[in-house]
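# Understanding the architecture of this molecule
What follows is each chain in one-letter form.
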Amino acid sequence: QVQLMESAGGSVQIGGSLRLSCAASGTDVSLKTMGWYRQAPGRQRELVAAIKTGTNINYGESVRGRSTISRDGDKNAVTLQLHSLKPEDTAIYYCAADPEVSGGDTIGYWGQGIQVTVSS
């Protein structure tokens with residue numbers, strides 16, 4: 001069973017930066033999809049960033065231009081950096097992964113979620 005371990009998060013000031021890391025365990029297969037989604041209170045879950053097949057990267061509209069997702073080769077671990085944080089970035093951030101190329105509701109594995117709070 002694949003398990004996703006998320007780290008970092010917490011409270012960040014407006015305009016600051018954050019770095020979220022996620023590592024998968026329980027599989028020897030290189031996961032074709034790894035990324036981050038987030039959900040704010042009263043809002044639908046949305047894509048933050050995802051890497052598919054190692055080179056295909058997608059960013060959510062709300063973070064495009066101020067976020068970077070990276071993966072170390074075929075290792076099942078990803079890092080998300082988000083800059084110029086805004087109050088609307090406040091949400092629970094979830095690491096997501098799948099053995100196949102997938103997205104959204106088709107993703108098979110989800111982390112527990114990390115609370116990120118952006119405030120002055």
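Report follows, based on the coordinates. (Residues numbered from 1 in each chain as written. Predicted model: local features only at pLDDT ≥ 70, side-chain atom pairs only at ≥ 80, totals over all residues. Heavy atoms only, no water.)

## Description of the side chain of Arg 71
Within the secondary structure layout, Arg 71 lies in strand β7 (residues 67–71). Buried charge Arg 71 goes without a salt bridge, the closest partner of opposite sign being Asp 74 at 5.9 Å. From its side chain, Arg 71 meets the backbone oxygen of Lys 75 in a polar contact 2.8 Å long. If near-sequence neighbours (up to four positions away) are discounted, Arg 71 is found in contact with Ser 30, Leu 31, Lys 32, Met 34, Ile 51, Asn 76, Ala 77 and Val 78. (Helix = DSSP H or I, 4+ residues; strand = E, 2+ residues; numbered from the N terminus. Buried < 20%, exposed > 50% of the residue type's maximum accessible area, 1.4 Å probe, protein only. Lys, Arg positive; Asp, Glu negative; His and termini not counted. Salt bridge = Lys/Arg side-chain N within 4 Å of Asp/Glu carboxyl O. Polar contact = N/O pair within 3.5 Å; in protein donor to acceptor, adjacent residues only side chain to side chain. Contact = heavy atoms within 4.5 Å.)

## Re the sheet that holds β7
Two strands in a sheet stick together by hydrogen bonds in their backbones, pointing the same way (parallel) or opposite ways (antiparallel). Here four strands make up an open sheet; going across it, the order is β1-β3-β8-β7 and the pairing antiparallel. The sheet terminates laterally at β1 (3–7) and β7, the two strands that pair on one side only. Averaged over all pairs of adjacent strands, the angle between strand axes in this sheet comes to 15°, irrespective of strand direction. In this structure, β7 lies alongside strand β8 (residues 77–82), joined through five bridges in antiparallel fashion. Bridging from a neighbouring strand, Ser 70 pairs with Thr 79 of β8. (Pairing = 2+ DSSP bridges. Axes fitted to C-alpha atoms, helices over the stretch in contact; angles between N-to-C directions.)

## A short note on the nonpolar core
If you look at the biggest cluster of nonpolar residues, it comprises 28 residues, and the most contacted ones within it are Leu 20, Trp 36, Ile 69 and Tyr 93. Only β3 (18–25), β4 (33–39), β5 (46–52), β8, β9 (91–98) and β11 (114–119) provide two or more residues apiece to this core. (Core = buried A, V, L, I, M, F, W, Y, C linked by side-chain atoms within 4.5 Å.)

## Topic: the pattern of salt bridges
The full count for this structure, using the stated rule, is seven salt bridges. Residue Asp 89 pairs with Arg 38 through a salt bridge whose shortest N-O separation is 2.8 Å. Taken together, the residues span a long stretch of sequence, with Asp 89 in the loop between β8 and β9 and Arg 38 in strand β4 at a distance of 51 residues. Residue classification places Arg 38 among the buried residues on the basis of a relative accessible area of 4%. The salt bridge partner of Arg 66 is Asp 89, with a shortest N-O separation of 2.7 Å. One end of the pair, Arg 66, is in the loop between β6 (56–59) and β7; the other, Asp 89, is in the loop between β8 and β9, and 23 residues separate them in sequence. As far as the burial class goes, Arg 66 and Asp 89 line up, both buried. Among the charged side chains, a network of salt bridges with common partners joins Arg 38, Glu 46, Arg 66 and Asp 89.

Keep in mind these numbers describe shape, not what the thing actually does.
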